[in-house]
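Below, each chain spelled out in residue letters.
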Amino acid sequence: MKIISVVGARPNFMKVAPFISEINRYNLESLKTNREQIKHILVHTGQHYDDLMSKKFFDDLEIPEADINLGIGSGSHSEQVGNSMIELEKVFEKEKPDWVIIYGDVNATLAASVTAKKLHIKVCHIEAGLRSGDLKMPEEINRLVTDRLSDLLLTPDLLSVENLKKEGIPDSSIRFVGNIMIDTLENNRAKSDRLDIKQIIKFNMISNLKEVTISKNDYAVITLHRPSNVDDKEILTSLVSFISTEVSEVLPVIWTIHPRTEKQLKLFNLWEKLIQVTNIFLVNPLGYHDMLKLNMHAKIMLTDSGGLQEECTVLGTPCLTMRWNTERPVTLREYGGASVLVGNNIDRIRKEFFNTLKESRKPERPALWDGKTAGRCLEEILKYC
Ligand code: UD1
């Protein structure tokens, strides 16, 4: 059997890592039993290309170098998807895989599903069925198209199974396998735990003039990158003002800066002032282990990232999700998770921020978020006929 995995952006890398390990394990066993091995080819579209957004994750998570890098780089959505499709078509036609495996909801996911399906190659979507209901979100469009085209839809939770059924996807295509991100978290927890928080900040700080005054369990972590939060001047200005004048008054703030956010902060003339604030530590995009360590001991997380919402749930870190909706409702407090939706309205964020500071850690593990999802994914692919 020949399988091609297609990845393109940071949140794909932690999903492909355990899947590749599982294939390696399968192939090792096959050697002993004379069973046919799986040939796996890793294709990186190159949407994320900086060392800090890509290579660092390959190194941290011991992902083998991509067999093929399409070097797509940045651009508008249509450019990224279109250019990826043109290049993927050549790869798929040459390699003729039995399966194309795609992960999550980024532009590479969409490009690979459409291209593979048109060439009549079977498509398997890992992390199928998530729905925010928000068609202004580029990722929601990617999810809808990908799931409509996929032959095998592997879901992280039971709500996603329901979403797919409502859309008329037949039961025979859907399998509930759990959350593959949690495999990566469990595989890397011990290594992260050995790291030192102050060293992480000192090493990654964008402005290194500040003394690092941070102690375990007594800091906030912030990540922001969604166009809805960082592309609008008024919204980003109000968020920066709240973080600088209110959050940093109560707790030291570690803010990991995504390239999109850095560009927008500079464009809106917010950057220079922000790097001067004493109690805010701006850091470059962090590697997997560094981010996990910060999450393990944060008093509170403020984020618009879907993956962090999930990791906060398993670690129990109280989390304010700076969005109006989520495709991951199992991470919300009403479902037992650690996160609350606060959007980007400052009054709402302020109220929930001060309420949440009184919360303690409550780790929660939704069904099948057990660190063994990759094995179930491979099993379902092998069983599919
Ligand atoms: C993408 C994903 C999003 C995911 C996020 C995580 C889509 C539609 N979006 O959004 O789902 O949550 O990744 O990071 O696929 N840039 C760099 N260096 C890089 C990569 C990007 O400087 O290595 C710059 C680009 O030039 C661009 C901006 O950052 O201006 C945004 O990158 P882009 O790939 O368009 O999407 P993300 O916002 O990262």
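Residues numbered from 1 in each chain as written. Predicted model: local features only at pLDDT ≥ 70, side-chain atom pairs only at ≥ 80, totals over all residues. Heavy atoms only, no water.

A.B. asks: What should I look at first to understand the overall build of the protein chain in this one?
C.D. replies: Scanning the protein chain from terminus to terminus reveals 16 helices and 13 strands. A compact globule built from 385 residues should have a C-alpha radius of gyration of about 21 Å, and the protein chain, at 21 Å, falls within 12% of that. If you line up the protein chain on its principal axes, its C-alpha atoms span 60 × 40 × 40 Å. Considering the protein chain as a whole, with its 385 residues, one finds that 60% of them fall into the buried category. Taking the contacts inside the protein chain whose residues are at least 6 apart along the sequence as the reference set, 69% of them involve residues at least 24 apart. Just so you have it, the protein chain exposes about 16500 Å², and 51% of that area is on carbon and sulfur atoms. (Helix = DSSP H or I, 4+ residues; strand = E, 2+ residues; numbered from the N terminus. Rg over C-alpha atoms; globule rule 2.2 N^0.38 Å. Buried < 20%, exposed > 50% of the residue type's maximum accessible area, 1.4 Å probe, protein only. Contact = heavy atoms within 4.5 Å. Areas by Shrake-Rupley, 256 points an atom, 1.4 Å probe, with all protein chains shown as cover.)

A.B. asks: Please clarify how the sheet that holds strand E12 (residues 319–321) should be interpreted in this entry.
C.D. replies: One key point about sheets: their strands pair by backbone hydrogen bonds, in either a parallel or an antiparallel sense. The six strands lie next to each other as E10-E9-E8-E11-E12-E13, forming an open sheet whose pairing is parallel. Edge positions in the open sheet fall to strand E10 (280–283) and strand E13 (339–341), since each of these has one partner strand only. The mean inter-strand angle of the sheet, taken between neighbouring strand axes irrespective of direction, is 20°. Each of strand E8 (220–224), strand E9 (253–257) and E10 is contacted by helix H10 (residues 233–250), which is oriented at about 155° to E9, the strand it contacts most. Across the sheet, helix H13 (residues 288–297) lies against E8, E9 and strand E11 (300–303), angled at about 130° from E8, the strand it touches most. (Pairing = 2+ DSSP bridges. Axes fitted to C-alpha atoms, helices over the stretch in contact; angles between N-to-C directions.)

A.B. asks: Quick question: what am I supposed to make of the site of the ligand here?
C.D. replies: Neighbouring residues of the ligand: 20 residues in total, closest His48, Glu139, His225, Arg260 and Lys263. Arg260 is positioned such that a nitrogen or oxygen atom in its side chain is 2.8 Å from an oxygen atom of the ligand. For the ligand, the protein covers 90% of the area, taking 740 Å² as the surface of the free molecule. Going through the elements one at a time, helix H1 (10–33), helix H3 (77–95), helix H5 (138–149) and helix H11 (259–267) are the ones with two or more residues in the shell around the ligand. Element by element, the count of residues in the shell around the ligand is highest for H11, at three residues. Classifying every residue of the shell around the ligand gives five nonpolar, nine polar and six charged. When residues of the shell around the ligand are assigned to domains, at least three map to each of domain 1 (2–179 + 368–383) and domain 2 (187–356). (Near = heavy atom within 4 Å. Polar contact = N/O pair within 3.5 Å; in protein donor to acceptor, adjacent residues only side chain to side chain. Nonpolar A, V, L, I, M, F, W, Y, C, P; charged D, E, K, R; others polar. Domains from an automatic or database assignment.)

A.B. asks: Could you clarify how one ought to interpret the packing of helix H7 (residues 180–193) against helix H14 (residues 306–315) in this entry?
C.D. replies: A pair of packed helices is characterised by two quantities: the angle between their axes and the separation of those axes. Viewed as axis vectors pointing N to C, H7 and H14 meet at an angle of 55°, and their least axial separation amounts to 11 Å. As summarised for this structure, H7 and H14 are arranged oblique, according to the angle between their axes. For the crossing formed where H7 meets H14, the hand is right-handed. In this structure, H7 contributes Met181, Ile182, Leu185, Glu186 and Arg189 to the contact, and H14 contributes Gly307, Glu310, Glu311, Val314 and Leu315. Of the residues belonging to the contact of H7 with H14, the class tally is five nonpolar, one polar and four charged. (Parallel < 35°, antiparallel > 145°, perpendicular 65-115°, else oblique. Left-handed = near helix turned anticlockwise from the far one by under 90°.)

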